[in-house]
Amino acid sequence: MQTWTALGLALSLALVRSSAELGPPASAPQGDLLFLLDSSASVSHYEFSRVREFLGQLAAPLPLGPGALRASLVHVSSQPHTEFPFGQHGSGAAVQDAIRAATQLMGDTNTGLALAYAKEQLFAEAAGARPGVPKVLVWVTDGGSSDPVGPPMQELKDLGVTVFIVSTGRGNLLELSAAASAPAEKHLHFVDVDDLGIIAPELRSSILDALQPQQLRVSEVTSNGFRLAWPPLLSADSGYYLLELVPRAESGTARRQQLPGNATGWAWADLDPDTDYDVALVPESNVHPVRPQHLRVRTLPEEAGPERIVISHVRPRSLRVSWAPALGPAAALGYHVQFGPLRGGAAQRVDVPAGSNSTALEGLAPGTAYLVTVTAAFRSGRERAMSAKACTPDSERSRAPRPPPPPGPAGRGR
């Protein structure tokens, strides 16, 4: 009897040891998943019903539940509207039923406003969002928006939100590629509204990958750096991390950093613009093996502000300001020109769309010195500005009356 007891104990210890060597079991997905649904009048009732059915099918098999994966639905319209918040429904079937019950709001397609609303009301920790869990946005659109999407979308990415976009075929490829998380070929789908079901399995798998709790995430990508974040994989007593950064360019130099086991983030700086970097996070544990994580990040192109401001066509009450535009991959989304008297007075602003590099300033005061500032706004949310001085001439003096012509020869008397 004692022999069998000892043998059973030995087998149990062997199983425990084998389990430790294999590492911990794969963790279930957890995090916050937000569906952004175009509910505006630009979408037909038929398209809305097809997209609604697609989102329901996408959500039904997901492992939703308390303390795990949560889902929310926000409508894009004149004003954003929350159909249901995170945590209201505790299963995929309940979320599917709630999506199917959503009604179209109509109105304008203010997607940028809805994205800002999602950041402040749903994804921000101040609004009750769970810290340290992955966050995913799935935006289904017909491709158009009545307001700018780039800056508020970048703010969400800076929070660590992974952005998937499904366009029903009429969107601008360049704009949507910039709005989706990188790489765009994994996060952006163009599909006919009647064929949405085809991409559902692939998209669901990508969403679940992004919601894995051990996901290494990137945020705050600039032309010369980015920030990395990961959930607690170790503790201060159980090991340490090795972080490696390798540029894809042959001339680049690899960089390495050792971090304590309680670290959950690191910011790389002084990088080259418009460059691909391979990132490896290697947890070195003295308790059990933890899988390394890998990520590829591309820094943004250098953002050059306006240069060589030229003041021309100066009149007492108007002038024209021109500048060399920001071109290339980091082209500006648009410009705004602010001008006001140097000696005090109300400043005015003129917005100039991307692609233009001059504008007329009207309603000026004669004989006044002005400060003119041209600011370029970029997709990252940052701005670059340049200023110049201009002075309007005094009002044209009214011309003196023309002297009468000299008298002609005297007329003949009668």
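Residues numbered from 1 in each chain as written. Predicted model: local features only at pLDDT ≥ 70, side-chain atom pairs only at ≥ 80, totals over all residues. Heavy atoms only, no water.

Asker: Even after reading the chapter, I still don't get the overall build of the protein chain, so can you show me in this structure?
Answerer: Per the secondary structure count, the protein chain includes eight helices and 20 strands. Scored against the burial criterion, the 414 residues of the protein chain give a buried share of 42%. Summarising the internal contacts of the protein chain: among those between residues at least 6 apart in sequence, 66% fall at separations of at least 24. Total accessible area computed for the protein chain in this model is approximately 22100 Å², and 53% of it derives from carbon and sulfur atoms. (Helix = DSSP H or I, 4+ residues; strand = E, 2+ residues; numbered from the N terminus. Buried < 20%, exposed > 50% of the residue type's maximum accessible area, 1.4 Å probe, protein only. Contact = heavy atoms within 4.5 Å. Areas by Shrake-Rupley, 256 points an atom, 1.4 Å probe, with all protein chains shown as cover.)

Asker: What am I meant to see in the sheet that holds strand 7 (residues 217-219) here?
Answerer: Hydrogen bonding along the main chain pairs the strands of a sheet, whether they run parallel or antiparallel. Ordered in space as 7-8-11, the three strands form an open sheet in which the pairing is antiparallel. Each having just a single partner strand, strand 7 and strand 11 (265-268) make up the two edges of the open sheet. When the angles between neighbouring strand axes are averaged without regard to direction, this sheet yields 25°. When strand 8 (residues 226-229) meets strand 11, the two strands line up antiparallel, connected through four bridges. Across the sheet, residue Phe 226 finds its bridge partner in strand 11, namely Trp 268. (Pairing = 2+ DSSP bridges. Axes fitted to C-alpha atoms, helices over the stretch in contact; angles between N-to-C directions.)

Asker: How do you make sense of the nonpolar core when you look at a structure like this?
Answerer: Ranked by internal contacts, the top residues of the largest apolar core, which has 34 residues, are Phe 35, Phe 54, Leu 55 and Ile 207. Those elements that provide at least two residues to this core are strand 1 (31-38), helix 2 (45-59), strand 2 (69-76), helix 3 (92-100), strand 4 (135-141), strand 5 (161-167) and helix 8 (196-210). Counting residues in each nonpolar core, the second largest holds 22 residues, with Leu 36, Val 163, Ala 179 and Leu 188 among its members. (Core = buried A, V, L, I, M, F, W, Y, C linked by side-chain atoms within 4.5 Å.)

Asker: Looking at this structure, I do not really get the pairing of strand 17 (residues 348-353). What am I missing?
Answerer: Side-chain direction in a regular strand flips from residue to residue, so the side chains alternate between the two faces of the sheet. In this structure, strand 16 (residues 334-341) lies alongside strand 17, joined through six bridges in antiparallel fashion. Paired with His 336 across the strands is Asp 351, a residue of strand 17. Here strand 16 folds back onto strand 17, and the loop between the two strands holds six residues, one of which, Gly 344, carries a positive phi near 100°.

Asker: Before we go on, may I ask you to explain the sheet that holds strand 9 (residues 239-247) in this structure?
Answerer: One open sheet holds the four strands; their spatial order is 10-9-12-13, and the pairing between them is antiparallel. What marks the edges here is a single partner per strand, and that holds for strand 10 (255-260) and strand 13 (293-298). This sheet shows a mean twist of 20° between the axes of neighbouring strands, independent of strand direction.

Asker: What's the story with the packing of aromatic side chains in this structure? I'm lost.
Answerer: Geometrically, a pair of aromatic rings is defined through the distance of the ring centres and the angle of the planes. For the structure shown, the criterion picks out four aromatic pairs. Between the aromatic rings of Phe 86 and Phe 123, the centroid separation amounts to 5.9 Å while the plane-to-plane angle is 40°, which identifies the pairing as tilted. Of the two residues, Phe 86 is situated in the loop between strand 3 (81-84) and helix 3 and Phe 123 in helix 4 (residues 111-123); the sequence distance between them amounts to 37 residues. (Phe/Tyr/Trp six-rings, centres within 6.5 Å; stacked < 30°, edge-to-face > 60°.)

Asker: Explanation requested: the environment of Leu 122 in the structure shown.
Answerer: Residue position: Leu 122 is located in helix 4. As a C-alpha pair, Leu 122 and Val 74 span 48 residues in sequence and 9.8 Å in three-dimensional space.

Asker: What exactly am I supposed to notice about the packing of helix 4 against helix 5 (residues 150-158) here?
Answerer: Packed helices, taken two at a time, are described by the angle their axes make and the gap between the axes. Contact geometry for helix 4 and helix 5: axes closest at 8 Å, N-to-C directions at 25°. Taken together, the axes of helix 4 and helix 5 are roughly parallel relative to one another. Crossing hand, helix 4 versus helix 5: left-handed. Contact residues: Gly 112, Leu 115, Ala 116, Lys 119 and Phe 123 in helix 4; Pro 152, Met 153, Glu 155 and Leu 156 in helix 5. (Parallel < 35°, antiparallel > 145°, perpendicular 65-115°, else oblique. Left-handed = near helix turned anticlockwise from the far one by under 90°.)

Asker: Before we go on, may I ask you to explain the confidence of the model for the protein chain in this structure?
Answerer: Caution is warranted with low-pLDDT regions, since their predicted coordinates should not be read in detail. Summarising the model, the protein chain shows a mean pLDDT of 83, and 85% of its residues fall at 70 or more. In this model residues 1-26 is a low-confidence stretch, pLDDT under 50, and it forms six contacts with partners more than four residues away in sequence or in other chains. Throughout residues 410-414 the model reports pLDDT below 50, and contacts reaching past four residues in sequence, or to other chains, amount to zero contacts. (pLDDT = per-residue confidence, 0-100.)

Asker: Just to check I follow, could you spell out the pattern of salt bridges for this structure?
Answerer: A side chain with one charge may pair with a side chain of the opposite charge, provided their charged atoms come close. Evaluated as defined, the whole model comprises 10 salt bridges. Where Arg 296 meets Asp 278, a salt bridge forms, and the shortest distance between an N and an O atom there is 2.9 Å. Of this pair, Arg 296 sits in strand 13 while Asp 278 sits in strand 12 (residues 276-285); the two residues are 18 residues apart in sequence, bridging distant segments of the chain. With relative accessibility at 48%, the residue Arg 296 sits in the partly exposed group. Judged by its relative accessible area of 23%, Asp 278 falls in the partly exposed class. What emerges from the salt-bridge pattern is a single network uniting Arg 248, Asp 278 and Arg 296. (Salt bridge = Lys/Arg side-chain N within 4 Å of Asp/Glu carboxyl O.)

Asker: Would you mind going over the environment of Ala 182 with me for this structure?
Answerer: Among the secondary structure elements, Ala 182 is positioned in the loop between helix 6 (173-179) and helix 7 (184-187). A relative accessible area of 70% places Ala 182 in the exposed class. When the C-alpha positions of Ala 182 and Phe 164 are compared, they lie 9.6 Å apart, and in sequence the two are 18 residues distant.

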